[in-house]
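# Understanding the architecture of this molecule
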Amino acid sequence: MAQVIDGKALAKRVAAELEPRVQRLSGAGAQPGLAVVLVGDNSASAVYVRNKTRACARLGMAHFDHVLPASTRQEALLDLIAQLNADARVHGILVQLPLPPTIDARLVLEAIDPRKDVDGFHPSNVGRLVVGQPRFVPCTPLGVMRMLSETGVALAGARALVIGRSNIVGKPMTLLLLGENCTVTVAHSRTRDLADRVREAEIVVAAVGRPELVRGEWIRPGAVVIDVGMNRVGDRLVGDVEFPGASERARAISPVPGGVGPMTVAMLLSNTVDAAERAARSPRGGQ
């Protein structure tokens, strides 16, 4: 039976590591601050924002919540981001996705100061990740890497499969695994031989957003499986991996819920503390 990677417990350990850094900054008059912008009434997004706000409060970080109606014009949102960019109390800015269809998400994300882009989505930060000089790494892939480290799996030379090619998870996940010298294959919902690719993989990161797409019997015995998916099926939340079958074959596996989700929030806080420390070292917030 697989080791279940407890994301909640690991997130608490990350918070404990951050606490003295937050206290040190706050004592120096530089309390880390995170601004979260939510546009519209997406219920799932509202839950995520509430979790992030509570996590900030528990850690003693400042939080600035901006909840805007779905009718908000793009110009008004861009004006708000400009204000947050200029606010020295704000070290991290997170615009919760998805945005209403009347707003160009690309323009909004590009408007965030890259030094405050704690989500790691600004093209400048994406480019730095590509060339191996990251400033901020997207929170979910960064959390996955921490979870992998907890399992003790040897990454160098390992055959890793990333299922999903999104800018938020799949692509940065691939870059991070390459950076650790994995041999990485990228698959997605249209991959014809997905079962065969899974059977070969020593590390599987599933982030395609299809409930239980990856069958348990596909998992290579002894593989490490990180399930990023969160899908509602009736009254249940399930991942992209069929957990019961996969847990019989894997060496370690993350559950849904309680796996990657808490780690995403923890890494957001970590990125914000990093940003605050850079700002404290440099009047221009670091490079």
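The structure we're discussing is the one just above.
Conventions and cut-offs
- Residue indices follow the written sequence of each chain, beginning from 1 at its first position.
- Per-residue local features are limited, in this predicted model, to residues with pLDDT of at least 70; the limit for side-chain atom pairs, both in listing and counting, is 80 or more; totals at the level of whole chains, interfaces and linings are taken over all residues.
- Hydrogens and water molecules were not included; the side-chain quantities draw on all heavy atoms of the structure.
- For helices the rule is a DSSP run of H or I covering at least 4 residues; for strands it is a run of E covering at least 2, with both sets numbered from the N terminus onward.
- Expected span, for any helix, means 1.5 Å times one less than how many residues it has.
- For the exposure calls, accessible area comes from a 1.4 Å probe over protein chains only, and a residue counts as buried if that area is under 20% of its type's maximum, exposed if over 50%, partly exposed in between.
- In the analysis that follows, any N or O atom pair within 3.5 Å is treated as a polar contact, provided that within protein one partner can donate a hydrogen and the other can accept it, and provided that, for residues neighboring in sequence, both atoms belong to side chains.
- Contact criterion: two residues are considered in contact whenever any of their non-hydrogen atoms come within 4.5 Å of each other.
- What makes a salt bridge here is a side-chain nitrogen of Lys or Arg within 4 Å of a carboxyl oxygen of Asp or Glu, nothing more.
- Between any two strands, pairing holds if DSSP finds at least two bridges.
- By the criterion used throughout, a crossover qualifies as right-handed when its path from the first strand across the helix to the second strand runs clockwise, the strands pointing away from the viewer.

We now examine helix 10 (residues 260–281). An α-helix turns once every 3.6 residues. As a result, residues three or four positions apart point the same way. An ideal rise of 1.5 Å per residue puts 32 Å on 22 residues; helix 10 measures up with 31 Å between its terminal C-alpha atoms. The buried count for helix 10 comes to 16 of 22 residues, which makes it a mostly enclosed element.

The topology assignment puts Gln 96 in the loop between strand 4 (92–95) and helix 4 (105–111). A distance of 2.8 Å separates polar atoms of two side chains, one belonging to Gln 96 and the other to Lys 52. Ignoring sequence-local partners within four residues, the contact set of Gln 96 consists of Val 37, Leu 38, Ser 45, Tyr 48, Val 49 and Lys 52.

We now examine the environment of Leu 59. Structurally, the position occupied by Leu 59 is in helix 2 (residues 43–59). Along the chain, Leu 59 and Val 205 lie 146 residues apart, while their C-alpha atoms are 29 Å from each other. For Leu 59, the contacting residues outside a window of four places in its chain are Ala 15, Leu 18, Glu 19, Val 22 and Leu 269.

Another point: the pattern of salt bridges. The tally for this structure, following the rule as stated, stands at 15 salt bridges. The partner of Glu 150 in a salt bridge is Arg 13, and the shortest N-O contact between them spans 2.5 Å. A residue pair is termed long-range when its members are at least 10 positions apart, and Glu 150 in helix 6 (residues 139–151) and Arg 13 in helix 1 (residues 7–27) qualify at 137 residues. Using a relative accessible area of 33% as the deciding quantity, one classes Glu 150 as partly exposed. A residue is classified by how much of its surface remains accessible, and Arg 13, at 41% relative accessible area, is partly exposed. When salt bridges that share partners are traced, they join Arg 13, Glu 17, Arg 146 and Glu 150 into one network.

Let's shift gears to the sheet that holds strand 7 (residues 203–206). Here we have six strands laid out as an open sheet, ordered 1-11-8-7-5-6, and parallel in their pairing. Of all the strands in the sheet, just strand 1 (3–4) and strand 6 (183–187) have a single pairing partner and so form its edges. Bridge count between strand 8 (residues 224–227) and strand 11 (residues 252–253): two bridges; the pairing is parallel. Paired with Val 224 across the two strands is Ala 252, which belongs to strand 11.

In the sheet, strand 2 (residues 33–39) pairs with strand 3 (residues 62–68) via seven bridges, with the strands oriented parallel. Paired with Leu 34 across the strands is His 63, a residue of strand 3. You can see the chain leave strand 2, run along helix 2 and come back into strand 3, and the turn it takes is right-handed.

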